Amino acid sequence: DGRGRVNGAHHNTFPDISRQCEAEVVWLHHGVHVDTLASWQNPQYGGVSPPPRKKRKQSSEDTSSSTDNMQQQTQHQHSQQQQQAANGASEVQHNGQTDGCEGNTAEAQNGVREEESSPKLSVVQQEMVRLIGQHLVELGLKKSAELLMSESGCRLDHPAAARFRHCVMNGEWTKAETALTELRTMLDDPSSLTEMHFLLLEQKYLELLESGQVLDALTCLRSQLTPLKHNMDRVHQLSSLIFMSNPEELRTAARWTGMGKDSRKELMDRLQHFLPPSIMLPPHRLETLILQAVEQQRTQCAYHNTRSDSQVLGSGGSLLMDHSCSRNAFPGTTVQILADHCDEVWIARFSPDGSKLATGSKDSTVIIWDVDPETLTVTRRFTLDGHSYGVVYLAWSPDSSKLIVCLQEEAAELVVWDTERGEQICKVSNSPDDSLT
């Protein structure tokens with residue numbers, strides 16, 4: 001009948017139908033809603049499914065009305081989102097959960113996580129971030145450095161400089177030359193471009209020789225290095241390396257560590273000195289600044305004890321506190337008395353390597369002492385005599401093998417000694433009528 005019930009005559013046409021459900025699909029603008037009708041086992045329907053409902057034709061007025069409703073709902077949702085964004089929050093958190101959403105505490109209504117803007121940093125703060133990022137890269141923590149740069153909105157190096165570094169470290173010499181050309185306008189001193197180009201080609205030439213590509217190396221030498229007309233003495237040295245019989249001999253003659261990451265890193269460190277810090281940071285800049293700060297603290301330390309220098313950094317080797325030597329640790333007890341001179345001692349100097357001590361006296365002699373690093377005592381090694389006047393000043397050579405002796409004002413000469421053998425090397429004088437001080 002009109003309510004979809006089935007009479008007895010039609011009931012026999014559908015035997016043993018125990019249970020069926022009908023799904024009515026209602027399409028909405030934001031998804032699909034499925035309305036499952038109840039079971040038709042109810043006795044009033046004869047225990048069988050009702051006949052299918054007839055589809056009603058949708059009029060243009062219904063269509064227009066539905067469209068208007070959809071637009072109104074969309075506009076209403078839009079206005080709600082804008083109001084929530086203006087208020088600065090969309091939902092209230094409780095124990096890490098939000099209404100209708102667990103774990104995603106920063107989700108917007110459209111399901112997209114809201115991005116936090118980078119903090120506004122001063123110039124000094126940006127430089128500090130760059131220094132930290134460089135140090136992380138040097139430690140091998142590249143992912144941490146990338147995250148730091150991304151979150152802070154800073155960049156470690158200029159993109160052109162970053163490409164240049166990448167090409168150098170991977171031995172892509174043609175691309176490295178192209179990247180170097182891009183950096184030309186960024187150099188403080190444009191004339192340094194030739195030196196950088198020379199260093200780049202020198203590394204390329206040496207790697208070709210070590211890998212046995214002699215013809216390619218010769219082409220690089222003739223067609224690229226020589227036309228630069230730069231550091232020709234080094235070019236002549238490089239040309240002689242072609243005749244080396246093995247890679248080990250090549251590395252020794254070239255004073256080069258060999259093809260690979262280490263030599264390319266050394267090359268990159270040399271190249272970075274030509275680039276302004278705004279383009280690429282100088283190598284190991286953070287470590288350099290820290291060591292300079294520690295050295296400054298040492299010079300201002302009233303009771304500085306050089307034993308703490310072996311700890312390299314800070315008090316007890318820590319950067320977490322300022323350098324400070326205890327007054328109680330300062331040497332205050334006599335360990336040894338040197339009484340070998342016959343008159344006043346006017347000058348005493350330790351050698352640069354700390355292995356020897358030289359003392360000069362009014363008695364016109366110089367005594368060389370050997371220093372025991374364990375007991376911190378000295379033993380007599382040589383007595384340098386033959387001076388005509390008292391010794392007022394001493395100066396060691398950088399390698400601690402020679403000593404210059406300066407005498408009193410009346411003397412017109414300096415005496416140079418070999419402290420390893422205790423022999424006089426020469427005398428330096430200006431004029432018998434003049435004195436040297």
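Remember, it's a predicted structure, so these values are computed and weren't measured experimentally.

**Looking at the overall build of the chain**
- Scanning the chain from N- to C-terminus turns up 12 helices and 13 strands.
- Looking at the chain as a whole, 27% of its 437 residues qualify as buried.
- Across the chain, the fraction of contacts at a sequence separation of at least 24, relative to all contacts at a separation of at least 6, is 44%.
- A total accessible area of about 29,200 Å² is found for the chain, and carbon and sulfur atoms account for 51% of it.

**Some words on the pairing of strand E12 (residues 413–418)**
- Of the pairings in the sheet, the one linking strand E11 (residues 402–407) to E12 comprises five bridges and is antiparallel in character. Paired with valine 405 across the strands is valine 415, a residue of E12.
- Between E11 and E12, which pair antiparallel one after the other, the connecting turn spans five residues.
- Summarising the sheet, E12 and strand E13 (residues 423–429) pair through six bridges and their orientation is antiparallel. Residue pairing in the sheet places valine 415 in a bridge with lysine 427 of E13.
- Linkage of E12 to E13, two consecutive antiparallel strands, is achieved through a turn of four residues, within which glycine 422 is found at a positive phi near 75°.

**A word on the pattern of salt bridges**
- For the structure shown, the criterion picks out 14 salt bridges.
- Salt-bridge contacts for arginine 234 lead to glutamate 202; the nearest nitrogen and oxygen are separated by 2.6 Å. Of this pair, arginine 234 sits in helix H9 (residues 232–240) while glutamate 202 sits in helix H7 (residues 192–210); the two residues are 32 residues apart in sequence, bridging distant segments of the chain.
- The buried category is assigned to glutamate 202, whose relative accessible area is 9%.
- In this structure, aspartate 370 and arginine 381 form a salt bridge, with 3.2 Å as the shortest nitrogen-oxygen distance. Placement of aspartate 370 in strand E8 (residues 366–371) and of arginine 381 in strand E9 (residues 378–384) is noted, with a sequence separation of 11 residues between them.
- Each of Lys356, Asp370, Arg381 and Glu420 takes part in salt bridges that share partners, so that together they form one network.

**Considerations on the sheet that holds E9**
- Reading across from one edge, E6-E7-E8-E9 is the order of the four strands in this open sheet, with antiparallel pairing throughout. The outermost strands of the open sheet, each flanked by one partner alone, are strand E6 (345–350) and E9. Direction aside, the axes of adjacent strands within the sheet are offset by 25° on average.
- Relative to E8, strand E7 (residues 356–361) is paired through five bridges, and the arrangement is antiparallel. Within the sheet, the bridge partner assigned to glycine 360 lies in E8 and is valine 366.

**Description of unusual backbone geometry**
- Here histidine 284, not a glycine, exhibits a phi torsion of approximately 55°, which is positive.
- Counting through the fold element by element, histidine 284 comes out in the loop between helix H11 (261–272) and helix H12 (285–299).
- We classify histidine 284 as partly exposed; its relative accessible area is 28%.
- In this structure, leucine 376 is a non-glycine residue whose phi angle is positive, near 60°.
- Along the chain, leucine 376 turns up in the loop between E8 and E9.

**Here we look at the nonpolar core**
- Judged by nonpolar contacts, the single largest core of 21 residues is most densely connected at Phe164, Val168, Leu183, Met196, Leu200, Leu267 and Leu271.
- Within the residue set of this core, elements represented by two or more residues are helix H5 (159–169), helix H6 (173–182), H7 and H11.
- The element contributing the most residues to this core is H5, with five residues.
- In contact with leucine 271, other than residues within four places in its own chain, are Phe164, Val168, Met196, Leu199 and Leu200.
- Listed in part, the 16 residues of the second largest apolar core include Leu208, Ala217, Cys220 and Val235.

**Remarks on the sheet that holds strand E10 (residues 391–396)**
- Strand order across the open sheet formed by four strands is E10-E11-E12-E13, with antiparallel pairing between neighbours. In the strand order of this sheet, the two ends are held by E10 and E13, each with one partner. Taken over all neighbouring pairs, the strand axes of this sheet differ in orientation by 25° on average, direction set aside.

About the cut-offs
Each chain has its residues counted from 1, running along the sequence as written. Where local features are concerned, this predicted model is filtered to residues with pLDDT of at least 70; where side-chain atom pairs are given and counted, the filter is 80 or more; whole-chain, interface and lining totals use all residues. With hydrogens and water excluded, all non-hydrogen atoms of the structure serve as input to the side-chain values. Secondary structure elements are defined from DSSP: runs of H or I of at least 4 residues count as helices, runs of E of at least 2 residues count as strands, and each element is numbered from the N terminus. Relative accessible area decides the class of each residue, using a 1.4 Å probe on protein chains only: under 20% of the type maximum gives buried, over 50% gives exposed, and in between gives partly exposed. Throughout, a contact is declared for two residues whenever any of their heavy atoms are within 4.5 Å. Here the accessible surface of atoms and residues is derived via Shrake-Rupley with a 1.4 Å probe, and residues count as covered only by protein chains that are part of the display. Should DSSP find at least two bridges between two strands, the strands are taken to pair. Salt bridges are defined by distance alone: a side-chain nitrogen of Lys or Arg within 4 Å of a carboxyl oxygen of Asp or Glu. A fitted line through C-alpha atoms serves as each axis, taken over the contacting stretch for helices, and the angle formed by two N-to-C directions is quoted from 0 to 180°. Think of a nonpolar core as a cluster: buried Ala, Val, Leu, Ile, Met, Phe, Trp, Tyr and Cys residues, connected wherever their side-chain atoms sit within 4.5 Å.

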